[in-house]
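Working through the structure, step by step
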There are 2 protein chains.
Amino acid sequence: MSSPRCDTLAVIGVGLIGGSLAIALRQAGFCRRIVGCGRQSANLEQAVALGVIDAYSTDPASAVAGADLVFVAVPLGAMRAVFEQIAPALKLGAVVSDGGSAKGSVVRDAEAAFAGSARRFVPGHPIAGNEKSGVSAAFGELYRGRRVILTPTAQTDADGLALVRAMWEAAGAEVEEMAVEHHDQVLAATSHLPHMLAFGLVDSLARLSDRVEIFRYAAGGFRDFTRIASSDPVMWKDICTANAEALLEALKRFEVDMQDMHAAVEQRDAERLLEIFSRAKAARDEFIG
Amino acid sequence: MSSPRCDTLAVIGVGLIGGSLAIALRQAGFCRRIVGCGRQSANLEQAVALGVIDAYSTDPASAVAGADLVFVAVPLGAMRAVFEQIAPALKLGAVVSDGGSAKGSVVRDAEAAFAGSARRFVPGHPIAGNEKSGVSAAFGELYRGRRVILTPTAQTDADGLALVRAMWEAAGAEVEEMAVEHHDQVLAATSHLPHMLAFGLVDSLARLSDRVEIFRYAAGGFRDFTRIASSDPVMWKDICTANAEALLEALKRFEVDMQDMHAAVEQRDAERLLEIFSRAKAARDEFIG
């Protein structure tokens, strides 16, 4: 194993995302020591017991005190507060990155909290995860072969960007760069809107009086379609509000298309439905299947 | 193995649904001989080669001539024509059933085509299948432990109903009975609407100019969410028009809920979103997970 790329890594939020990164980086020998931080001691003690982290603090400022690299994996709604807590405690030259699913809001939070040293902040988003959460769901292979999008801004420091890229590559990910706004549009369309639709549909059915019977007849297709509705509600209400602008854009586009389909069903326009369904199947089979 | 429950079974439409039933019934020794019928000789020859059926005809009337039991597994839009073709050729006392995903339209088709002998028609719907199609996708375990809903009408013959029930039980399914209208409402909510949403969303994205890039960043959640958009478009345009009434009802209900979520995002109302998402996650984890 080559010598570690950094000495101490601090991971704020040791759940599926932060925990899996810690495991992968330890396996890769990327850093010598990993300090975890979170609000619940029980979860952090479990993380130590599982060998995911070496030590922990429930105070973000203490956790980052000696760190060369800080990875913040908390819900988007908690980013600003965490940044503000760690800003005065960061070591000179320490690089900070995050795993937030929307980037515009995180960049705004970082610029506000880090002020003059925001250049050492590298916004990032691993396109990975599943509907599980907590450190017990973490595993070292989560990022293997998955894409990580970094969204450096005009002021992002090149050395910091290189370190964060190296970190993700050590975890097995394919790293790409994208503009903040473009990231948020792409993710609104492929992730945030689908989550909203899945949550919305399940809730719509759950409020029916015959819900028990209705769910009884839901088969495999429904199970797959609604898997993402088992995701963490706190994380997702944060994503939907943090990325509201791009999400609303995607939602409005979808609503227009839904009205078109609604009209086709109302008019029993089988040709029109066939056209839409065929185009969708062809696209999915080509790009996703 | 006990003696066969029926001598000759005819399967009209030897694809995933019809082919899997034939395989399961042969394995169970439910019938002595299985005759297939379809429009494409190549598919039927493959079905014979795979041992799914013993013989075939591309003419529905010839295929059912000696059959005691006929299972029709064609798209809903083809049901009426098949019923009309087989009606004059059915053996006295032959029982006919189907596997259509909507039942109101099939019952109307059967009553029109079979007239006085519609009592020997047993409408049914196996809640099974996947996004694949064709006899090469058929397998004998498809119905094991899955629900099959039979929707007998006031005139359905008790012996015919018992035979079709025995057929599905021989294939390993759990058979239940339900009123036609109720079936169509439950399936509109749990299957037809989700398919429409998945087709609609994929098509919505596929028509964007940056679709290649957009799909590139679609991760596992999107793959699961849109799996059903790889289903057979012909089958699904038939389902959505055949069950239009119940589908529109489910769609209108969902649209109202979507407007509510849209407003919550617009107002950055995190509390409201958290409430919806939490209720959805709880319902899915309880009923589906």
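For the structure, check the block above.
Residues numbered from 1 in each chain as written. Chains lettered and ligands numbered in written order. Predicted model: local features only at pLDDT ≥ 70, side-chain atom pairs only at ≥ 80, totals over all residues. Heavy atoms only, no water.

1. Considerations on the packing of helix 7 (residues 180-206) of chain A against helix 11 (residues 244-266) of chain B
Rules: Every angle, taken between N-to-C directions, lies between 0 and 180 degrees, and every axis is a line fitted to C-alpha atoms, over only the stretch in contact when it is a helix. By definition, any uninterrupted DSSP run of H or I lasting at least four residues is a helix, any uninterrupted run of E lasting at least two residues is a strand, and each is numbered from the N terminus. An angle below 35 degrees is read as roughly parallel, one above 145 as roughly antiparallel, one from 65 to 115 as roughly perpendicular, and any other as oblique. Take the far helix as your reference; a near helix turned counterclockwise from it by less than a right angle gives a left-handed crossing, and one turned clockwise gives a right-handed crossing. We call two residues in contact when some of their heavy atoms are within 4.5 Å. Think of it as three bins: nonpolar holds Ala, Val, Leu, Ile, Met, Phe, Trp, Tyr, Cys and Pro, charged holds Asp, Glu, Lys and Arg, and polar takes everything else, Gly as well.
Remark: helix 7 of chain A packs on helix 11 of chain B, axes separated minimally by 10 Å, with the N-to-C direction vectors making an angle of 130°. By the criterion of interaxial angle, the relationship of helix 7 of chain A to helix 11 of chain B is oblique. When you trace helix 7 of chain A past helix 11 of chain B, the crossing you get is right-handed. Contacts between helix 7 of chain A and helix 11 of chain B pair A:Met196, A:Leu197, A:Gly200, A:Leu201, A:Ser204 and A:Leu205 from the former with B:Arg253, B:Phe254, B:Asp257, B:Met258, B:Met261, B:His262 and B:Val265 from the latter. Partitioning the contact of helix 7 of chain A with helix 11 of chain B into residue classes produces 8 nonpolar, 3 polar and 2 charged.

2. Details of the side chain of B:Asp98
Residues and elements named next belong to chain B. To be explicit about the condition: For this analysis, a polar contact is any N or O atom pair within 3.5 Å, provided that within protein one partner can donate a hydrogen and the other can accept it, and provided that sequence-adjacent residues contribute only side-chain to side-chain pairs.
With respect to the helices and strands, aspartate 98 occurs in strand 5 (residues 95-98). Within the local environment of aspartate 98, its side chain forms a polar contact with the side chain of lysine 103, the two groups lying 2.8 Å apart. Apart from the residues lying within four places of it in its own chain, the contact partners of aspartate 98 are Phe71, Val72, Met79, Lys103, Val106, Phe121, Val122, Pro123, Gly124 and His125.

3. Observations concerning the relation of the copies chain A and chain B
The line we're drawing: The copies were overlaid by least squares, fitting only the C-alpha atoms of residues that reach a pLDDT of 70 or more in each copy.
The two copies are related by a screw operation: chain A maps onto chain B through 180° of rotation and 0.0 Å of translation along the axis, at an RMSD of 0.0 Å. Accordingly, the operation relating the two chain copies is best matched by a two-fold axis. If distances are taken from each C-alpha of chain A to the rotation axis, the shortest is found for A:Phe225, at 2.0 Å.

4. What about helix 10 (residues 233-242) of chain B?
Our working rule: Each residue is assigned to one of three classes by its accessible area relative to the maximum for its type, calculated with a 1.4 Å probe on protein chains only: buried under 20%, partly exposed between the two thresholds, exposed over 50%.
Of all 10 residues making up helix 10 of chain B, 7 are buried, and the element is well covered by its neighbours. Those residues of helix 10 of chain B that are buried lie in contact with helix 11 (244-266) and helix 12 (270-287) of chain A together with helix 4 (76-86), helix 7 (180-206) and helix 11 of chain B. Near the N-terminus of helix 10 of chain B, the side chain that reaches the backbone nitrogen of B:Val234, with its oxygen 3.2 Å away, is that of B:Asp232.

5. A word on the sheet that holds strand 8 (residues 147-150) of chain A
Residue and element names in this part refer to chain A. Using the following cut-off: Note on pairing: two strands pair once DSSP finds at least 2 bridges between them.
Strand order across the open sheet formed by 3 strands is 7-8-9, with mixed pairing between neighbours. Two strands close off the open sheet at either side, each with one partner strand: strand 7 (124-126) and strand 9 (174-177). Each strand of the sheet is rotated relative to its neighbour by a mean of 20°, with strand direction disregarded. Here 4 bridges tie strand 8 to strand 9, and the two strands are oriented parallel to one another. Following the sheet pairing, isoleucine 149 is matched in strand 9 by glutamate 176.

6. Considerations on the nonpolar core
Quick note on the threshold: What makes a nonpolar core is a set of buried Ala, Val, Leu, Ile, Met, Phe, Trp, Tyr and Cys residues whose side-chain atoms join them at distances within 4.5 Å.
Ranked by internal contacts, the top residues of the largest apolar core, which has 136 residues, are A:Val72 and B:Val72. Apart from residues no more than four positions distant in its own chain, B:Val72 is found in contact with B:Ile12, B:Met79, B:Val82, B:Phe83, B:Ile86, B:Val96, B:Ser97, B:Asp98 and B:Gly99.

7. Describing the sheet that holds strand 1 (residues 6-12) of chain A
Residue and element names in this part refer to chain A. One open sheet accounts for 6 strands, arranged 3-2-1-4-5-6; its pairing is parallel. On the outer flanks of this sheet lie strand 3 (55-57) and strand 6 (121-122), each paired with one strand and no other. Sheet analysis places strand 2 (residues 31-37) next to strand 3, joined by 3 bridges and oriented parallel. Looking at the pairing, glycine 36 lines up with tyrosine 56 of strand 3. Along the sheet, helix 2 (residues 41-49) makes contact with strand 2 and strand 3, crossing strand 3 at roughly 165°.

8. Here's the deal with the interface of chain A and chain B
Filter applied, for reference: The buried area of a pairing is the accessible area, by a 1.4 Å probe, that goes missing from both parts when the two are put together, added over both. We count a salt bridge whenever a side-chain nitrogen from Lys or Arg sits within 4 Å of a carboxyl oxygen from Asp or Glu.
Facing 85 residues of chain A, the contacting portion of chain B comprises 85 residues. Among the residues chain A hides against chain B, the three largest losses belong to A:Tyr217, A:Phe225 and A:Arg284. Together they make up 9% of the total. Viewed at the interface, chain B and chain A are joined by 8 salt bridges. Per-element accounting of the side of chain A that touches chain B gives the leading share, 17 residues, to helix 7 of chain A. Residues belonging to the side of chain A that touches chain B are distributed by class as follows: 47 nonpolar, 13 polar and 25 charged.

9. Considerations on the packing of helix 11 of chain B against helix 12 (residues 270-287) of chain B
Residue and element names in this part refer to chain B. Their axes nearest at 8 Å, the elements helix 11 and helix 12 cross at an angle of 140°. Considering their axes alone, helix 11 and helix 12 lie oblique with respect to each other. Residues Asp260, Met261, Ala264 and Val265 of helix 11 pack against Arg272, Leu273, Ile276 and Phe277 of helix 12. When grouped by side-chain class, the residues that make up the contact of helix 11 with helix 12 number 6 nonpolar, no polar and 2 charged.

10. Quick word on the environment of A:Leu187
Residue and element names in this part refer to chain A. Of note, leucine 187 is situated in helix 7. On the accessibility criterion, leucine 187 (2% relative accessible area) is buried. Separated by 78 residues in sequence, leucine 187 and aspartate 109 have C-alpha atoms that sit 19 Å apart. Sequence-distant contacts of leucine 187, defined by excluding residues within four places in its chain, comprise Ser101, His125, Ile127, Ile149 and His192.

11. What about the pattern of salt bridges?
For the structure on display, the rule yields 46 salt bridges over all chains. For B:Arg227, the salt bridge is made with A:Asp224, and the minimal N-O distance between the two is 3.0 Å. Here the residue B:Arg227 occupies a position in the loop between helix 9 (220-225) and helix 10, and A:Asp224 occupies one in helix 9 (residues 220-225), the pair thus bridging two chains. According to the relative accessible area criterion, A:Asp224 is buried, its value standing at 16%. A salt bridge links A:Asp238 to A:Lys237, with the shortest nitrogen-to-oxygen separation between them at 2.6 Å.

12. Let's talk about the side chain of A:Asp109
Applied cut-off: In this tally Asp and Glu are treated as negative and Lys and Arg as positive; neither His nor the chain ends contributes.
As for its placement among the helices and strands, A:Asp109 is situated in helix 5 (residues 104-114). Buried charge without a salt bridge: A:Asp109, with A:Arg80 as the nearest opposite-charge side chain at an N-O distance of 4.2 Å.

13. Overview of the pairing of strand 4 (residues 69-72) of chain A
Residues and elements named next belong to chain A. Going by this rule: We call a crossover right-handed when, viewed with the strands running away from us, the connection from the first strand over the helix to the second turns clockwise.
Burial along strand 4 is two-sided: Leu69 and Phe71 facing one way and Val70 and Val72 facing the other are all buried. Pairing of strand 4 with strand 5 (residues 95-98), which is carried by 4 bridges, proceeds in the parallel orientation. From the neighbouring strand, phenylalanine 71 faces strand 5, where its bridge partner is serine 97. The handedness of the strand 4 to strand 5 crossover, carried by helix 4 (residues 76-86), is right-handed.

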